[in-house]
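Here is how the chains run, residue by residue.
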Amino acid sequence: MGEIADLERRLREFISKVSSDFGVSAPTIELHSPEELEMYFTGGSEVAGWYSSDEEKIILNSEFVDLETVLHEYAHHLQFLRSGRDRGAAFPFYESTKPHCERGFEREAKGFALAYREFYYNTWRKITGRER
Ligand SMILES: [Zn+2]
């Protein structure tokens, strides 16, 4: 098994554990190299991760995988589910005109990642074998 495929499998296991804690369906996870991400969109190789609500999928840059990024993107999944899968309600368009850090859903995702980073650190380390 390749390194990326192996990490992807571990990330899926981690997300499935977190989702069972939260009692929700798990998003799918895809891990891509920066080169692959560059084909999705210009500048994609610089992005650590994002959440596609259309597909309920977390897409991660294999160069920037860490617990905080995974939890941040996972928070967007919870926001989407909590809205009743209403993208406009979860990620209001008017927010997208603000700077990234001032968007309500981004601030919340940041806070979620910081709050749960400690909580899930041991699980993360056990499943992924990563220190951060
Ligand atoms: Zn975000």
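For the structure itself, consult the block above.
The rules behind the values
- Residues numbered from 1 in each chain as written.
- Predicted model: local features only at pLDDT ≥ 70, side-chain atom pairs only at ≥ 80, totals over all residues.
- Pairing = 2+ DSSP bridges.
- Helix = DSSP H or I, 4+ residues; strand = E, 2+ residues; numbered from the N terminus.
- Axes fitted to C-alpha atoms, helices over the stretch in contact; angles between N-to-C directions.
- Contact = placed C-beta atoms within 7 Å.
- Buried ≥ 20, exposed ≤ 12 C-beta atoms within 10 Å, placed from the backbone.
- Core = buried A, V, L, I, M, F, W, Y, C linked by C-beta atoms within 7 Å.
- Expected span 1.5 Å × (residues − 1).

1. Regarding the sheet that holds strand S1 (residues 28-32)
- Read across the open sheet, the three strands follow the order S1-S3-S2; overall the sheet is mixed. Of all the strands in the sheet, just S1 and strand S2 (49-52) have a single pairing partner and so form its edges. Strand-to-strand twist across the sheet, computed as the mean angle between neighbouring axes with direction ignored, equals 20°.
- Sheet strands in contact with helix H3 (residues 67-82) are S2 and strand S3 (57-61), and its direction is about 20° off that of S2.

2. Focus on unusual backbone geometry
- The residue Glu56 is not glycine, and still its phi comes out positive at about 50°.
- Residue Arg85 is not a glycine yet carries a positive backbone phi of 60°.
- The topology assignment puts Arg85 in the loop between H3 and helix H4 (87-90).
- Given 11 C-beta atoms within 10 Å, Arg85 falls into the exposed group.

3. Observations concerning the environment of Ser19
- Mapped onto the elements, Ser19 comes out in helix H1 (residues 3-22).
- Along the primary structure Ser19 and Phe80 are separated by 61 residues, whereas in three dimensions their C-alpha atoms are 14 Å apart.
- When sequence neighbours within four positions are dropped, the list of residues in contact with Ser19 reads Val24, Ser25 and Ala26.

4. Quick look at the environment of Lys110
- Note that Lys110 resides in helix H5 (residues 104-128).
- Expressed as a C-alpha distance, the spacing of Lys110 and Met39, which sit 71 residues apart in the sequence, is 27 Å.

5. A short note on the nonpolar core
- Leu11, Ile15, Ile29, Ile58, Leu60, Leu71 and Tyr74 are the most contacted members of the largest nonpolar core, which has 19 residues in total.
- Of all the secondary structure elements, the ones that give two or more residues to this core are H1, S1, S3, H3 and H5.
- Of the residues forming this core, the biggest block, five residues, is contributed by H3.
- If near-sequence neighbours (up to four positions away) are discounted, Leu60 is found in contact with Ile29, Leu31, Gly49, Val65 and Thr69.

6. So, H3
- Taking 1.5 Å as the rise per residue, H3 with 16 residues should run 22 Å; its terminal C-alpha atoms sit 22 Å apart, in good agreement.
- Listing the buried residues of H3 in full gives Leu67, Val70, Leu71, His72, Glu73, Tyr74, Ala75, His76, His77, Gln79 and Phe80.
- On the buried face of H3, the contacting elements are H1, S2, S3, H4 and H5.

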